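Survey of secondary and tertiary structure
So you can see what is in the structure, the chains are spelled out below.
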Amino acid sequence: MDYLSLFSSMLRSRLFERKLEELSGKGLIYGTYHLSIGQEGVSSGLAAALKEGDWIVPTHRCHGYNAARGSDLSGMFSEVLGSRHGLCNGLGGSMHMTDTRTGNLGSSAVVGSGIGLAGGAALALSRLHKDNIAVAIFGDGASSRGILYEVMNAASIWHLPLLLLLENNHYGMSAAAERMIAADGIYRRAEGFLIPSCRVDGNDVLAVEEAVAEARNHILSEHTPYFIEAETYRMCGHSRSDKLLYRSHDEEEAWKERDPIVLFSRFLVLSGIASEEDLRSASLAVMDEVEAALEKALSTRDERLSAEEMENLVYSPALCTVVPYEGKRHAGTYREAIREALGEMLSSDDKAFLMGEDIGLYGGCFGVTGDLVARYPDQVLETPVSEEGFTSMAAGAAMVGMHPIVEVMYGDFSTLSSDALINHAAKAHFMSGGQLSCPMVFRTPIGGMTGHGPQHTQCLETMFLGIPGLRIVAPSDPYSAKALLKSAAADGNPVLFFEHKALYGEQGEIGDEKTFLPLGKAIVHGKGDRLLIIGYSRAFSAAYHELQDLSSDLTFIDLATIQPLDRETLEREFMRVGRALVVEDTPLGGSVAESVVSILSSAGNYHPGSVMVLSARPVPLPCPRTLEEEVLISGSMIRESVESMLSR
């Protein structure tokens, strides 16, 4: 044990954060930050026990963990200052200091949601047969979040190498833990998941180091997660605006007596390990190090990324180049096309795996996965009913190099997965300054025509339209379903793949294993010059089949990818034809049709009445078929609208 290095580690974090306070006082920091002054024993003790190849996912109170794991201090200062020289090019700021060089996946500003990412990193380490662990770091406030219990359950049944480190500083933001947590020792909750646990004095850095080292050995030897509750105290406010009105002076003074740096200094001197002069020399060296790092960061603080550079960091590079190709075709259903694509994805990529509820022997709720578990038993992972948990874990696994394919039983449940998709998967590449990517596919069935009622039939793809970093695909036939799903797996970004339930049994042609269609490119059928029919998924399929007798007058545009939309094709075809009918299964507000109309309205030959939209009524889908048909657009409605437009 290098005791002076451990002392310097804690002091480095303390002095870094004191400098942040100085910068704030000078008006040099935009936005907020969260200091961990008083909690350095936990971060430094953890770092001392971890090995190269271990991953951590800290909380938004992350500076101590970055410093202890060896992040460049100048890069940390630059990140807070918003400089392009920051750890994440100045895009993440104080709360998101990703540093893959030191095994840091970056912290989450959404309390507790980083637990799922750490669980995913542990899942990746397990599947890759690595002799390493992942650490989920969270506070006492996060112990009330459901994601913790979803991940503990999954980690326990899958025997994942996950350390759950609870940094209990006795306050969430201002609410005392004793008023918010119904437990005498949060660590005991782990017992319900058959996870060994302990509580440790977080202000005793050696106790933390010893507990983490023992936990790490147990995790790797016994193949089980471990839970540590480290009791500590933040001597500062929750954030820069916190006036600490909710704490007493006596309480604060009592905890100052247990300052981890003071306690460790006293131990080193009294035990004869180091002299006062040794500590002084070490302190001066750290002070010089921090001062030099700050001076370097201040010298370049006005050097920021350009808008174009930022835009180039929204999406990751593709895993491999997709070349559009039409191979041999055979007959099959939409359901079989997707299953074929999944099988080919699993057989060609040992980093790919499929995870979701009831996708094993049952074959999936709608029979899509079928016999895949028999053919690829090591790559089909059946999950508990915990959509937020396993979607978050998929995102974490993707960030560590895996290629997960998530199946959520009903599209309605994507609301439960939305935190992982919106706050993490979509932003990983951007927020980390390009260090991370999240190559995952999120599959789920949408839509009505099945009588499943208001909470099982929604088309919620529009919920994700305004989220940069996501690609969204919704195919309308078997051929495009297979070709686009395979392209989604090659994209290198999170792709949401929406499959309409009413299409699963639809017959059509399916391409062979060489067939690919590019994402972001609409599929054009026909060359009629009187009217464009534009849509996606079931609504487009309904229009295409209903209007075949008028096909010589019509051009059909299957959007296929609804984010990003193929603006070039839409503008070109509208300039050629001049009129369009847009069909969709969602209500109009905030829909794909609104985006399409916006694009068409910018074309030179647009005029009032040249574009018509058929959307679903703005009501939830009822259970009775007759009422459901009143809400959704039908073939007869489409024909009536087309004949009206052609007669003008």
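Note that the coordinates shown come from a computational prediction; the quantities given were computed from them, not determined experimentally. By convention here, each chain's residues receive numbers from 1 onward along its written sequence. Whole-chain, interface and lining totals are the exception, using all residues; otherwise, since this is a predicted model, local features are given only for residues with pLDDT of at least 70 and side-chain atom pairs are given and counted only at 80 or more. Values reported for side chains reflect all heavy atoms of the structure, with hydrogen atoms and water molecules removed beforehand.

**A few points about the overall build of the chain**
When its secondary structure is counted, the chain shows 23 helices and 19 strands. It is over C-alpha atoms that the radius of gyration is taken, and the globule rule equals 2.2 Å times the number of residues to the power 0.38. Its C-alpha atoms give the chain a radius of gyration of 28 Å, within 12% of the compact-globule value 26 Å for 648 residues. For the chain, the C-alpha atoms occupy an extent of roughly 95 × 55 × 45 Å along the three principal directions. Looking at the chain as a whole, 60% of its 648 residues are labelled buried. Using the Shrake-Rupley algorithm and a 1.4 Å probe, accessible areas are obtained, with residue cover drawn only from the displayed protein chains. By element, 52% of the accessible surface of the chain is carried by carbon and sulfur atoms, the whole surface being about 24,900 Å². Where the 54 positive side-chain charges of the chain centre and where its 85 negative ones centre are 3 Å apart. Numbering goes from the N terminus for both helices and strands, where a helix is a DSSP run of H or I of at least four residues and a strand is a run of E of at least two. Per-residue accessibility, obtained with a 1.4 Å probe over protein chains only, is compared with the maximum for each type, and a residue is labelled buried under 20%, exposed over 50%, and partly exposed between these values. Positive charges come from Lys and Arg, negative ones from Asp and Glu, while His and the chain ends are left out of the count. In plain terms, the charge of a residue is placed at NZ if it is Lys, CZ if Arg, CG if Asp and CD if Glu.

**A word on the nonpolar core**
Here, nonpolar core means buried Ala, Val, Leu, Ile, Met, Phe, Trp, Tyr and Cys residues that are tied together by side-chain atoms lying within 4.5 Å of each other. Judged by nonpolar contacts, the single largest core of 119 residues is most densely connected at L164, I534 and L559. Here a residue-residue contact requires only that any non-hydrogen atoms of the pair lie within 4.5 Å. Leave out the neighbours within four places in its chain, and L164 touches I115, A136, F138, L148, M152, I195, Y226, F227 and I228. With 35 residues, the next largest nonpolar core counts L6, L87, C236 and V286 among its residues.

**Brief notes about the environment of L565**
With respect to the helices and strands, L565 occurs in the loop between β17 (561-563) and α20 (567-577). In sequence terms L565 and I599 are 34 residues apart; their C-alpha atoms lie 9.4 Å from each other. Not counting the four nearest positions on each side in its chain, L565 is found in contact with L559, V592, S595, V596 and I599.

**Brief notes about the packing of aromatic side chains**
Two rings from Phe, Tyr or Trp (for Trp, the six-membered ring) form a pair when their centres sit within 6.5 Å of each other. Planes less than 30 degrees apart are called stacked, planes more than 60 degrees apart edge-to-face, and all others tilted. This structure, assessed with the given rule, holds 15 aromatic pairs. A ring pair is formed by F138 and F227, whose centres lie 5.9 Å apart and whose planes are at 75 degrees; its orientation type is edge-to-face. Highlighted residues: F138 in strand β2 (residues 134-139) and F227 in strand β5 (residues 226-231), separated in sequence by 89 residues. Assigned by exposure class, F138 and F227 land together as buried. Ring centres 5.6 Å apart and planes at 65 degrees place the aromatic pair Y410 and F413 in the edge-to-face group. This pair shows no difference in class: Y410 is buried, exactly as F413 is. Within the aromatic cluster, the residues linked to one another by ring pairs are Y334, F366, Y410, F413 and Y504. Definition used: whenever NZ (Lys) or CZ (Arg) falls within 6 Å of the ring centre and also within 35 degrees of the ring normal, the charge is taken to sit over that ring. One cation-aromatic arrangement involves R329 over Y479; the distance from NZ or CZ to the ring centre is 3.8 Å. Here the guanidinium or amino end of R471 rests over the ring plane of Y315, the centre of that ring lying 4.2 Å away.

**Quick look at helix α23 (residues 635-646)**
Note on helix geometry: an α-helix contains 3.6 residues per turn, so any two residues three or four positions apart are oriented the same way. What a helix should span is 1.5 Å times the count of its residues minus one. For α23, spanning 12 residues, the distance from its first C-alpha to its last is 16 Å, which sits close to the expected 16 Å at 1.5 Å a residue. When we look at burial in α23, the residues that qualify are G635, I638, R639, S641, V642, M645 and L646. Seen along its axis, α23 keeps its buried residues to an arc of 165 degrees; they face one direction. Facing away from the buried surface of α23 by more than 90 degrees, the exposed residues are S636 and E640. In this structure, the buried residues of α23 make contact with β15 (531-535), α19 (537-546), β16 (554-558), β18 (580-583) and β19 (611-614). Here the arc refers to the directions that run from the helix axis out to each C-beta atom.

**A short note on unusual backbone geometry**
Geometrically, the link from Q563 to P564 is a cis peptide bond, its omega value of -5 degrees lying close to zero. Within the secondary structure, P564 is located in the loop between β17 and α20. The phi dihedral of S537 falls on the positive side, at around 55 degrees, and the residue is not glycine. Turning to its location among the elements, S537 is positioned in helix α19.

**Quick notes on the pattern of salt bridges**
Put simply, a salt bridge is a Lys or Arg side-chain nitrogen that is within 4 Å of an Asp or Glu carboxyl oxygen. For the structure shown, the criterion picks out 33 salt bridges. Across the pair D201 and R258 runs a salt bridge, and its minimum N-O distance is 2.2 Å. Here R258 lies in the loop between α9 (249-256) and α10 (260-270) and D201 lies in strand β4 (residues 197-201), a separation of 57 residues in the sequence. Given the relative accessible area of 29%, D201 is considered partly exposed.

**Observations concerning the pairing of β5**
Across the six residues of β5, five count as buried, placing the element largely inside the fold. Here a strand pair is declared whenever DSSP counts at least two bridges between the two strands. Pairing of strand β3 (residues 162-168) with β5 involves six bridges; the strand directions are parallel. Paired with E167 across the bridge in β5 is A230. Examined bridge by bridge, β4 and β5 share five bridges and lie parallel to one another. Counterpart to V200 in the pairing with β5 is A230.

**Looking at the sheet that holds strand β11 (residues 471-473)**
Sheet architecture is open: seven strands sit in the order β8-β7-β9-β10-β12-β11-β17, paired in mixed fashion. Each edge of the sheet is formed by a strand with only one pairing partner; in this case those strands are β8 (380-382) and β17. Sheet twist, expressed as the mean angle between neighbouring strand axes with direction ignored, is 20 degrees. One ladder, built from five bridges, connects strand β7 (residues 352-356) with strand β9 (residues 403-407); its direction is parallel. By the bridge assignment for β9, G356 is matched with E407. Fitting a line to C-alpha atoms yields each axis, with helices limited to the stretch in contact; the angle taken between N-to-C directions then spans 0 to 180 degrees.

**What about the sheet that holds β19?**
Strand order across the open sheet formed by five strands is β14-β16-β15-β18-β19, with mixed pairing between neighbours. Only two strands of the sheet have a single neighbouring strand rather than two, namely β14 (523-525) and β19. Across this sheet, the average inter-strand angle for adjacent strands is 20 degrees, counted without regard to direction. With three bridges connecting them, β15 and β18 associate as parallel partners. Directly across from I533, in β18, lies its bridge partner L581. Strands in contact with α20 are β14, β15, β16, β18 and β19; relative to β15, the strand with the most contacts, it is inclined by about 155 degrees.

**Notes on helix α2 (residues 40-49)**
In terms of burial, α2 is largely enclosed, as nine of its 10 residues are buried. Along α2, the residues classified as buried are E40, G41, V42, S43, S44, G45, L46, A47 and A49.

**Some thoughts on the side chain of S83**
With respect to the secondary-structure elements, S83 resides in the loop between α4 (73-81) and α5 (114-127). For this analysis, a polar contact is any N or O atom pair within 3.5 Å, provided that within protein one partner can donate a hydrogen and the other can accept it, and provided that sequence-adjacent residues contribute only side-chain to side-chain pairs. Reaching out from S83, the side chain makes a polar contact with the backbone oxygen of T300 at a distance of 3.3 Å. At a separation of 3.5 Å, a polar atom in the side chain of S83 contacts the main-chain carbonyl oxygen of E303. The contact partners of S83, leaving out residues within four places of it in the chain, are S78, N89, G90, T300, R301, E303 and R304.

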